[in-house]
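Residues per chain are reported as follows:
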Amino acid sequence: MNNEEVYKLIEETLGLPSGSINIESDNKNVSGWDSLGHFAILVALDGKYSDVSIAKPEITKATSLKEILVILNQHG
Amino acid sequence: MAKNTNSFTIEAIKYNLGEVRINVAKEFPEAAASGLLDKTGIAHVYKTEYDLVDFSAKPLQELLKQTNEQINCLITVTQSHNFFLPGLSSFILSKLDLSKDIYCLDINQGCSGFAHALYLAEKLIEVHPRIAILCADKYRSKLISSDRSTNAVFSDCSTATLIRKGSGIQIKSAKHSFDGKKWDYLYQSIDNSVNGGYLHMSGADLWGYTRSIILPEIKQIVESSNIENLYIHQASKLVFDGISESLKGFVKNIPSNFSEFGNTVSSSIPLLLKDRLNEINKGKSLIAGFGVGLNSMLLELEPS
């Protein structure tokens, strides 16, 4: 897992242009990252990173790239 | 695991969908363009402007007309009350001028409500041989327009299901789970200062709950029993796929209708069963209701 891979996944999930997501992105500064967008991001991450939502249920509350990356790194 | 031997059939199901058909993509064009709505899998949702009593009485009236006989017991399931008290059954008895001898029970549950009602109906059927389960919810009246995750999935619907004592199916096992600590995943307060009095739903948390709690419970049953039909609450494509894709190797028949009706809350499972009465009354099936509370009820049915 690298950061760029996660950025790209979230951009594709929310239908955003390449380069829209970076380490400072969160649900307050990204268009489409509302309750529905958050739900879709979680499902996309879970599919890509082998059931991370089951191993790390706290990811459902992660609303920023910083938080998501910390959890994904712990998940391995 | 509970075991019971009362046999019954699910004889008929009538439904009433909200009369206003809403095109979700038109409501949320940005979500449609980005492909987000493809993930919910729901193109249209339905809203009613009718009063809850009128909205829910219609399918029961049709059911009684079709079967041309009275019921002995009425179980209502709703979280869309007009009144704090009395419960919906009082208004239904009055509206349809039904007998004072009918035993009535009002259940305050959401998406798991039908499964809870069927569980209780099976226990009551020994003394009340014809039971109607009336599910009715108007969640769309609870939504704030800016919340896409709720507006894109919920539909208003009422269903009436007739359960009759006699040879058919029986409950082989019933497994429930109640986790009150997760109540804040899905709630609506009486107090308007809490989320404006609107429905709050954390879709991500609910999805996580279905994956980490509900899926393993369903899996445990289907792996140990030869389940032919699995009827899951129709929350959305994301939730349905999150469960069904892990079970395809174990259960052949996992029908869905969320794309046609949206998430109709307590009516979701009866809507799924309405065209499958022959299937459920003869096969080995599992009904999986889960939602508000949070709670779940898994009913394993087998031919009697």
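Scroll up to find the structure this text is about.
Cut-off values and rules
- Residues numbered from 1 in each chain as written.
- Chains lettered and ligands numbered in written order.
- Predicted model: local features only at pLDDT ≥ 70, side-chain atom pairs only at ≥ 80, totals over all residues.
- Heavy atoms only, no water.
- Helix = DSSP H or I, 4+ residues; strand = E, 2+ residues; numbered from the N terminus.
- Buried < 20%, exposed > 50% of the residue type's maximum accessible area, 1.4 Å probe, protein only.
- Contact = heavy atoms within 4.5 Å.
- Lys, Arg positive; Asp, Glu negative; His and termini not counted.
- Charge placed at Lys NZ, Arg CZ, Asp CG, Glu CD.
- 1 Å grid on protein atoms, 1.4 Å probe; cavity = no way out; pocket = protein on both sides within 12 Å on 5 of 7 lines; lining within 4 Å.
- Points joined across faces, edges and corners; volume = space filled by probe spheres on them.
- Nonpolar A, V, L, I, M, F, W, Y, C, P; charged D, E, K, R; others polar.
- Expected span 1.5 Å × (residues − 1).
- Polar contact = N/O pair within 3.5 Å; in protein donor to acceptor, adjacent residues only side chain to side chain.
- Core = buried A, V, L, I, M, F, W, Y, C linked by side-chain atoms within 4.5 Å.
- Buried area = accessible area lost by both parts, 1.4 Å probe.
- Salt bridge = Lys/Arg side-chain N within 4 Å of Asp/Glu carboxyl O.
- Phe/Tyr/Trp six-rings, centres within 6.5 Å; stacked < 30°, edge-to-face > 60°.

Visitor: Got a minute to help me understand the overall build of chain A in this structure?
Guide: Helices and strands together make up the secondary structure of chain A, namely 4 helices and 0 strands. Considering only C-alpha atoms, chain A reaches an extent of 30 × 25 × 20 Å along its principal axes. Sorting the 76 residues of chain A into buried and exposed places 45% on the buried side. Here the contacts in chain A between residues at least 6 apart in sequence split such that 49% fall between residues at least 24 apart. Put simply, chain A has 6 plus and 11 minus side-chain charges, and the middle of one group is 3 Å from the middle of the other.

Visitor: Teacher, can you tell me more about unusual backbone geometry here?
Guide: Outside of glycine, negative phi angles account for most residues, and trans bonds account for most peptide bonds. Residues and elements named next belong to chain B. Here the bond from Leu85 into Pro86 is cis, since omega is 0 degrees, no more than 30 degrees from zero. With respect to the helices and strands, the residue Pro86 is situated in the loop between β4 (73-77) and α5 (88-96). Note the cis peptide between Gly293 and Leu294, where omega equals -5 degrees. In this fold, Leu294 is placed in the loop between β12 (285-291) and β13 (295-303).

Visitor: Looking at this structure, I do not really get the layout of surface pockets. What am I missing?
Guide: Any empty space left between the atoms is revealed when a probe the size of a water molecule rolls over them. Residue and element names in this part refer to chain B. Considered as a void within the structure, the largest pocket measures approximately 680 Å³ in volume. Gln79, His81, Lys142, Gln188 and Ile190 are the residues nearest the centre of the largest pocket, which is lined by 23 residues in total. Each residue belonging to the lining of the largest pocket can be placed in one class, and the counts come to 9 nonpolar, 12 polar and 2 charged.

Visitor: Would you mind showing me how to read helix α2 (residues 35-48) of chain A here?
Guide: Each α-helix turn comprises 3.6 residues. Residues three or four places apart therefore point the same way. All names here are of chain A. For α2, built from 14 residues, the straight-helix expectation of 20 Å at 1.5 Å per residue is met to within 8% by its first-to-last C-alpha distance of 20 Å. Most of α2 sits inside the fold, with 10 of its 14 residues counted as buried. Considered for burial, the residues of α2 that qualify are Leu36, Gly37, His38, Phe39, Ala40, Ile41, Leu42, Ala44, Leu45 and Asp46. Two or three places before Leu36, at the start of α2, stands the capping residue Asp34, its side-chain oxygen 3.1 Å from that residue's backbone nitrogen.

Visitor: Explanation requested: the nonpolar core in the structure shown.
Guide: In summary, soluble globular proteins display a tendency toward joint burial of nonpolar side chains. In terms of nonpolar packing, the biggest core is built from 71 residues, with A:Val6, A:Leu45, A:Ile68 and B:Ile218 touching the most fellow members. Only α1 (3-14), α2 and α4 (65-75) of chain A together with α3 (36-40), α8 (203-224), β11 (229-232), α9 (237-244) and β12 of chain B provide two or more residues apiece to this core. The element that contributes the greatest number of residues to this core is α8(B), accounting for 9 residues. Beyond its immediate stretch of four places on either side in the chain, B:Ile218 contacts B:Leu230, B:Ile243, B:Leu247, B:Leu286, B:Ala288 and B:Leu298. Of all hydrophobic cores here, the second largest spans 32 residues; its members include B:Ala115, B:Ile171, B:Leu273 and B:Ile287.

Visitor: Sorry, what's going on with the interface of chain B and chain A here?
Guide: Each partner contributes to the interface: chain B provides 20 residues, whereas chain A provides 19 residues. Buried area between chain B and chain A, summed over both chains or domains, comes out near 1600 Å², and the portion from carbon and sulfur atoms is 66%. At the boundary of chain B and chain A, one finds 3 salt bridges. At the boundary of chain B and chain A, one finds 7 residue pairs in polar contact (both at pLDDT 80 or more).

Visitor: Which parts of the structure should I look at to understand the side chain of B:Asn16?
Guide: All names here are of chain B. Along the chain, the position of Asn16 falls in strand β1 (residues 8-17). Residue Asn16 is classed as buried on the basis of its relative accessible area of 12%. A polar atom in the side chain of Asn16 sits 3.0 Å from the backbone oxygen of Phe55. Ignoring anything within four residues of it in the chain, the contact list for Asn16 reads Phe55, Lys58, Pro59, Asp156, Cys157 and Ser158.

Visitor: What's the story with the side chain of B:Asn295 in this structure? I'm lost.
Guide: All names here are of chain B. Its place among the elements puts Asn295 in strand β13. Looking at Asn295, its side chain comes within polar contact range of the side chain of Gln109, at 2.7 Å. In terms of polar contacts, Asn295 uses its side chain to reach the side chain of His116, at 2.8 Å. If near-sequence neighbours (up to four positions away) are discounted, Asn295 is found in contact with Gln109, Ser112, His116, Ser177, Phe178, Tyr209, Gly289 and Phe290.

Visitor: Got a minute to help me understand the packing of aromatic side chains in this structure?
Guide: Residues and elements named next belong to chain B. The tally for this structure, following the rule as stated, stands at 5 aromatic pairs over all chains. Between Tyr139 and Phe154, the ring centres sit 5.0 Å apart and the planes meet at 55 degrees, which makes this aromatic pair tilted. Of this pair, Tyr139 sits in the loop between β6 (130-137) and α7 (148-151) while Phe154 is found in the loop between α7 and β7 (157-165), placing the two residues 15 residues apart along the sequence. In this structure Phe154 comes out as buried when scored by relative accessible area, which is 1%.

Note that all results are geometric; they support no functional claim without further evidence.
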